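Now for the letters of each chain:
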Amino acid sequence: DGSPRENVPFVNNVEMERESFFEGKNMALFEEEMDSNPMVSSLLNNLANYTNLTQGVVEHEQAEDSRRRAAQTPRMGTFIGVYLPCLQNILGVILFLRLTWIVGAAGILESFLIVAVCCSCTLLTAISMSAIATNGVVPAGGSYYMISRALGPEFGGAVGLCFYLGTTFAGAMYILGTIEIFLTYISPGAAIFEAEAAAGEATAMLHNMRVYGTCTLALMAVVVFVGVKYVNKLALVFLACVVLSIMAIYAGVIKTAFDPPDIPVCLLGNRTLSWRGFDICAKVHGDSNRTATTALWGLFCNGSQPSATCDEYFAQNNVTELQAIPGVASGVFLENVWSAYADKGAYVEKKGVPAVSAPEESRDSRLPYVLSDITTYLTLLVGIYFPSVTGIMAGSNRSGDLKDAQKSIPTGTILAIVTTSFIYLSCIVLFGACIEGVVLRDKFGEALQGNLVIGMLAWPSPWVIVIGSFFSTCGAGLQSLTGAPRLLQAIARDGIVPFLQVFGHGKANGEPTWALLLTALICEMGVLIASLDSVAPILSMFFLMCYMFVNLACAVQTLLRTPNWRPRFKYYHWTLSFLGMSLCLALMFVCSWYYALFAMLVAGCIYKYIEYRGAEKEWGDGIRGLSLNAARYALLRVEHGPPHTKNWRPQVLVLLNLDAEQRVKHPRLLSFTSQLKAGKGLTIVGSVLEGTYLDKHAEAQRAEENIRSLMGVEKTKGFSQLVVSSNLRDGTSHLIQSAGLGAMKHNTVLMAWPESWKQEDNPFSWKNFVDTVRDTTAAHQALLVAKNVDLFPQNQERFGGGNIDVWWIVHDGGMLMLLPFLLRQHKVWRKCRMRIFTVAQVDDNSIQMKRDLQTLLYHLRISAEVEVVEMVENDISAFTYEKTLMMEQRSQMLKQMQLSKTEREREAQLIHDRNTASHAAAAARTQAPSTPDKVQMTWTREKLIAERHKHRDASVSGFKDLFTLKPDQSNVRRMHTAVKLNDVVLARSQDAQLVLLNMPGPPRNRQGDENYMEFLEVLTEGLNRVLLVRGGGREVITIYS
């Protein structure tokens, strides 16, 4: 083949010894390549020169296409469809029940900061969501649909389920809010569990919440099950309650400017007292005639007489009254600017009021003090407040019902966020400016005789707020129980999470019955927690994770510049999305780092589950685009230079043969590939179909499907590549040259031995095989030929023992060492031992060779038994002469058969082209001067011999000078090598599980190709599983770290 091999340092050190190699008869089969592939004995002498040369390794991924979902008929506009639902969902239970307490604990400045950060987070998310929502039609499914189509099924499923859990826990929070309003402010007497002592009140309240909450949840679930249309009709009524309540708050604030309400708060020293068990805020009362002690005195003293023993703090401090709502003009704003965080059980105290402290010997829980029910700090308040800004998806969740979702979703959502942000921020400032600090910190209004703090501020009546907040939280709970099952149903119907399939079914009208049942059960878990302050951070986590991925989806799509990324909404930028994502992540860990880690773990588990078990979906998502970009970037990086020898692994092109029905002939070849590769590196499974592409297009597709399905069965991870070519020879050559992309190309070709090469009806199989061997050599690619491939083990088989025998005759890069090591990584071959045999000539020191080989294996970190086989030179046997004679007779017969066939074809061609014979002959000579059977003439034997000698390869003359042998003598010597080597191998490796053997190169003179096949057949005769290995002419294994 004449192509130069890569320059290997120790390869060039054998010039002096070349003559001694060529003298012997034992290695005649390998003699033509001695200049590039030295004998092992020569290599071991030059162990010190062992060097690193490089090859490449690249990993890959694959995906398949799938169908898309259809959109529903739209109906609503921006105001009704997006703005009002967002408003209703954002303004809710936290505003009425917790905002005043947050202002009291954190102060105006820090509360303003909390609200501003949370609103910024939702605004940035809304901008990202608007960009995604306006990039094409968004059918029903809302945020889940947007994220899954933008980031792929794995992220979509994980985030969709997080959003579902968030919505479900939101339902639990709204139900708890409803019950808290009912039991604390509307009907305290309805409590089932009564506390015997003041200390047990909190526990009794939790039990009441659980019982009433469970009943309310059951009632709401029945309402949703029976008539979801009534829930939707009542939505506007609930919204009206919210709007009226907010208007009442603003009206109350304006009224306090000129006519503050008279609502007294009782203080003992600087401690706030709960109006419980007394009616007059004084120690004594009376007229000018006499004074008497009050009910308050009786609570703090052991009797009603003035001489009774009293609590020390009560005795030393005065009882005073102050106005709960002094009004906007009172200057209370400055007192409420700074935070007043407190520990659990601490007194709610007014700053700046003089008080005589008393020793805390034993705190009596019966005393009517207002105490902090939980320890407050900034991050806790962030977690409790965040759910009040989480309704921003309400509009996008109705995307299927909108007239023009691309216009309505951005406008309505951003407008709703701006409106609610203004309401929240203004409320914080107004609450801080109107209401006394101790009252703000009184979470349940105990100092106001059990009234709702925000209700006392409202005008015309506190009941406007109480009733309004009750109905709005009740409505929000119903909305959550309506929306969450539909979201779960959408995920289930997408089929990406197999175990959720059952929740895709429902009633005849499509109502999600099973999903509603699961939602109610999860919601019940939230209700059983029973504390609004404990449930709020949980749903904050799930919503924050959902918002984080909306921002990520927008940032990824923008940075990838996908051609399909053309949102109508133009006011977005990847930096805003990235800022929103960072803010969401920061808020998650600020609220509660352990809840954040738990939420991430849940999402991660769902992601991995969908990745491994979920249905394959192709939605044109951004993560796929990201993978393509990353692959392109990696390919361009790898292109700069080949990687180090340490990274070399066989990147295999598997050449498969197909039968008449386009099925694979030798499936075990793919099993062997899987065992060799174990999913690492590149595998290209190639095949050739004979014919023209236009005629064979359908067969090619069927063949490729068959190959892919077999790759799936055999767990071969890689790509399939099928070529349609006019003949098998050219198609195989094209695959070897062009398979792969850039640096992601194969470096090794794996093929099966052509078992039928001796059959007369298939005269070209051996010729194609030999030409493929030449092609791989020219391309500097390694070649592996599996003989008796149908006896190779399947992936399910396990060898309990046995040997993998390596016959290392010439060194051509170290492939023979590396392959058994790679095979033994797989379960099939794991228990096999590795044995290495090498051949010593007469002049070699076999003891030193064995020592050198053991040293080499030690440095290569490969454990194997070593044996040096001595092949003594002896006379060529009669058997060898007989074999050679039979081979040459057969070869001669084949040539004559081919000649007569060629003769007939040429005569027919001559008659057909008699008018243009001279032109055709000239063209044929110009195009292919070295191919004698293309010349337009009638052949005779003499002409054939003359033509053949004329075009003989020039390199043969130099080779003949070396040996001065007749061609038949050369064949005899080669046959002698094959027979002798076969005897030696059979004697030691007949029972081996696998034999790896150096594959001699084909003769440089193409006339001897059929003889070459015979030599290989004799060399491997009697062995069960043989892998003939031919290196790519470069080092693939190194002793260096």
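Each value, and the rule that gives it
Residues numbered from 1 in each chain as written. Predicted model: local features only at pLDDT ≥ 70, side-chain atom pairs only at ≥ 80, totals over all residues. Heavy atoms only, no water. Disulfide = S-S within 2.5 Å. Helix = DSSP H or I, 4+ residues; strand = E, 2+ residues; numbered from the N terminus. Buried < 20%, exposed > 50% of the residue type's maximum accessible area, 1.4 Å probe, protein only. Pairing = 2+ DSSP bridges. Axes fitted to C-alpha atoms, helices over the stretch in contact; angles between N-to-C directions. Contact = heavy atoms within 4.5 Å. Core = buried A, V, L, I, M, F, W, Y, C linked by side-chain atoms within 4.5 Å. Phe/Tyr/Trp six-rings, centres within 6.5 Å; stacked < 30°, edge-to-face > 60°. Lys NZ or Arg CZ within 6 Å of the ring centre and 35° of its normal. Parallel < 35°, antiparallel > 145°, perpendicular 65-115°, else oblique. Left-handed = near helix turned anticlockwise from the far one by under 90°. Nonpolar A, V, L, I, M, F, W, Y, C, P; charged D, E, K, R; others polar. Expected span 1.5 Å × (residues − 1). Right-handed = clockwise from strand over helix to strand, strands pointing away. Patch = residues over 30% accessible without salt bridge, like charges linked within 9 Å, V, L, I, M, F, W, Y side chains within 5 Å. Areas by Shrake-Rupley, 256 points an atom, 1.4 Å probe, with all protein chains shown as cover. Salt bridge = Lys/Arg side-chain N within 4 Å of Asp/Glu carboxyl O. Polar contact = N/O pair within 3.5 Å; in protein donor to acceptor, adjacent residues only side chain to side chain.

**Remarks on the state of the cysteines**
Under the criterion given, the structure shown has 2 disulfides. With its sulfur 1.9 Å from that of its partner, Cys266 forms a disulfide with Cys281. Taking the sign of the S-S torsion, about 85 degrees here, the bridge from Cys266 to Cys281 comes out right-handed. In this pair, Cys266 sits in strand β1 (residues 264-268) while Cys281 sits in the loop between β2 (271-272) and β3 (284-286), placing the two residues 15 residues apart along the sequence. For Cys266, a relative accessible area of 0% translates into the label buried. By relative accessible area, Cys281 is classed as buried at 10%. Among the cysteines of the chain that take part in disulfides, numbered as they appear in the sequence, the pairing is 1-2, 3-4.

**Side note on the sheet that holds β1**
If you walk across this open sheet you meet the 3 strands as β2-β1-β5, and the pairing is antiparallel. The sheet terminates laterally at β2 and β5 (319-323), the two strands that pair on one side only. Here β1 runs beside β2; their pairing, made up of 2 bridges, is antiparallel. Each residue of the ladder has a partner; that of Leu267, found in β2, is Thr272.

**A few points about the pairing of strand β9 (residues 748-752)**
By the criterion of burial, β9 is predominantly enclosed, with 5 of the 5 residues buried. A two-sided burial pattern is seen for β9, the buried positions comprising Thr748, Leu750 and Ala752 on one face and Val749 and Met751 on the other. Summarising the sheet, β9 and strand β10 (residues 782-787) pair through 5 bridges and their orientation is parallel. Within β10, the position partnered with Leu750 by the bridge is Leu784.

**Here's the deal with the sheet that holds strand β8 (residues 719-725)**
Ordered by their spatial adjacency, 10 strands build an open sheet running β8-β7-β6-β9-β10-β15-β14-β11-β12-β13, and the pairing between neighbours is mixed. At either margin of the open sheet sits one strand with a lone partner, and together these are β8 and β13 (865-870). Across the sheet, the axes of successive neighbouring strands diverge by a mean angle of 20 degrees, strand direction being ignored. In this sheet, strand β12 (residues 833-840) lies alongside strand β11 (residues 803-808) in parallel orientation, the contact comprising 6 bridges. Paired with Trp807 across the strands is Phe837, a residue of β12. The strands touched by helix α28 (residues 846-859) are β11, β12 and β13; relative to β13, the strand with the most contacts, the crossing angle is about 150 degrees.

**What about the nonpolar core?**
Ranked by internal contacts, the top residues of the largest apolar core, which has 164 residues, are Met173, Tyr385, Phe386, Tyr424, Phe431 and Ile435. Top element by residues in this core is helix α7 (residues 153-186). It accounts for 19 residues. Here Phe431 is in contact with Leu99, Thr100, Ile249, Leu440, Ile454 and Leu457, once residues within four sequence places are set aside. In this structure, Leu823, Cys832, Leu853 and Leu1027 belong to the second largest nonpolar core, which totals 56 residues.

**Considerations on the packing of aromatic side chains**
What the rule picks out here adds up to 22 aromatic pairs. Centre to centre, the rings of Phe470 and Phe471 are 5.6 Å apart; their planes meet at 75 degrees, and the pair counts as edge-to-face. Residue Phe471 is classed as partly exposed on the basis of its relative accessible area, which comes to 36%. Measuring from ring centre to ring centre gives 5.5 Å for Trp593 and Tyr594, while their planes differ by 85 degrees; the resulting arrangement is edge-to-face. As far as burial versus exposure is concerned, Trp593 and Tyr594 are alike and both exposed. Members of the aromatic cluster, joined through ring pairs, are Trp297, Phe300, Phe314, Tyr347 and Tyr369. Of note, Arg271 hangs over the ring of Tyr347, and the distance from its end group to the ring centre comes to 3.8 Å. If you follow Lys443 out to its NZ or CZ, it ends over the ring of Trp101, 4.2 Å from the centre.

**Focus: unusual backbone geometry**
The omega torsion across Trp459 and Pro460 is 15 degrees, close enough to zero to call that bond cis. Summarising the element assignment, Pro460 is placed in the loop between α16 (453-457) and α17 (462-494). Backbone geometry at His780 places phi at a positive 55 degrees, although glycine is not the residue there. Note that His780 resides in the loop between α26 (765-778) and β10. Among the residues examined, His780 registers a relative accessible area of 25% and is labelled partly exposed. Of note in this structure, Asn788 is not a glycine but carries a positive phi near 60 degrees. Position of Asn788 among the secondary structure elements: in the loop between β10 and β11.

**Observations concerning the packing of α17 against helix α18 (residues 513-529)**
Orientation of α17 relative to α18, taken along the N-to-C sense of each, is 120 degrees, at an axis distance of 8 Å. Comparing their axes, α18 and α17 come out oblique. When the axes of α17 and α18 are compared, the crossing they make is right-handed. Listed contacts from α18 to Leu481, Ala484, Pro485 and Leu488 of α17 are Ala515, Leu516, Leu518, Thr519 and Cys523. Among the residues forming the contact of α17 with α18, the class breakdown is 8 nonpolar, 1 polar and no charged.

**What about helix α8 (residues 201-226)?**
With 26 residues, α8 ought to run about 38 Å at 1.5 Å a step, and its terminal C-alpha atoms sit 37 Å apart, in line with that. Listing the buried residues of α8 in full gives Ala204, Asn208, Met209, Gly213, Thr216, Leu217, Met220, Ala221 and Val224. Looking at the packing, one finds that the buried side of α8 touches α7, α9 (228-258), α17 and α18.

**A short note on the environment of Asp262**
Among the structural elements, Asp262 can be located in the loop between α9 and β1. With 62 residues separating them in the primary sequence, Asp262 and Ala324 have C-alpha atoms 7.9 Å apart.

**Remarks on the pairing of β8**
In terms of burial, β8 is a largely internal element, 5 of the 7 residues being buried. Of the pairings in the sheet, the one linking strand β7 (residues 683-690) to β8 comprises 7 bridges and is parallel in character. Across the sheet, residue Val685 finds its bridge partner in β8, namely Ser720. Tracing the backbone out of β7, into helix α24 (residues 693-713) and back to the parallel element β8 gives a crossover that is right-handed.

**Some thoughts on a nonpolar patch on the surface**
A contiguous nonpolar surface patch, about 520 Å² in accessible area, is contributed by Leu585, Phe589, Trp593, Tyr594 and Leu597. Within the residue set of the nonpolar patch, elements represented by two or more residues are α20 (574-591) and α21 (593-613). The element that contributes the greatest number of residues to the nonpolar patch is α21, accounting for 3 residues. With respect to the helices and strands, the residue Leu597 is situated in helix α21.

**Some details on helix α34 (residues 1009-1019)**
Among the 11 residues of α34, 11 are classified as buried, and the element is accordingly described as predominantly covered. Among all positions in α34, only Asp1009, Glu1010, Asn1011, Tyr1012, Met1013, Glu1014, Phe1015, Leu1016, Glu1017, Val1018 and Leu1019 are buried.

**Let's talk about the pattern of salt bridges**
The full count for this structure, using the stated rule, is 17 salt bridges. Between Lys255 and Asp259 there is a salt bridge whose closest N-O contact spans 3.5 Å. Taking relative accessible area as the criterion, Lys255 reaches 26% and is therefore assigned partly exposed. With relative accessibility at 40%, the residue Asp259 sits in the partly exposed group.

**Side note on the side chain of Gln662**
With respect to the secondary-structure elements, Gln662 resides in the loop between β6 (652-656) and α23 (668-677). Classification of Gln662 by relative accessible area gives buried; the value is 7%. A distance of 3.5 Å separates a polar side-chain atom of Gln662 from the backbone oxygen of Ala660. Looking at Gln662, its side chain comes within polar contact range of the side chain of Arg702, at 2.9 Å.

**Section: the packing of helix α5 (residues 99-133) against α20**
Relative to each other, α5 and α20 sit at 135 degrees, their axes nearing to 9 Å. It follows from the interaxial angle that α5 and α20 lie oblique. The interaxial crossing formed by α5 with α20 has left-handed handedness. Across from Val117, Ser120, Cys121, Leu124, Thr125 and Ser128 in α5, the residues of α20 making contact are Leu576, Ser577, Leu579, Gly580, Leu583, Cys584 and Leu587. Here the residues of the contact of α5 with α20 sort into 8 nonpolar, 5 polar and no charged.

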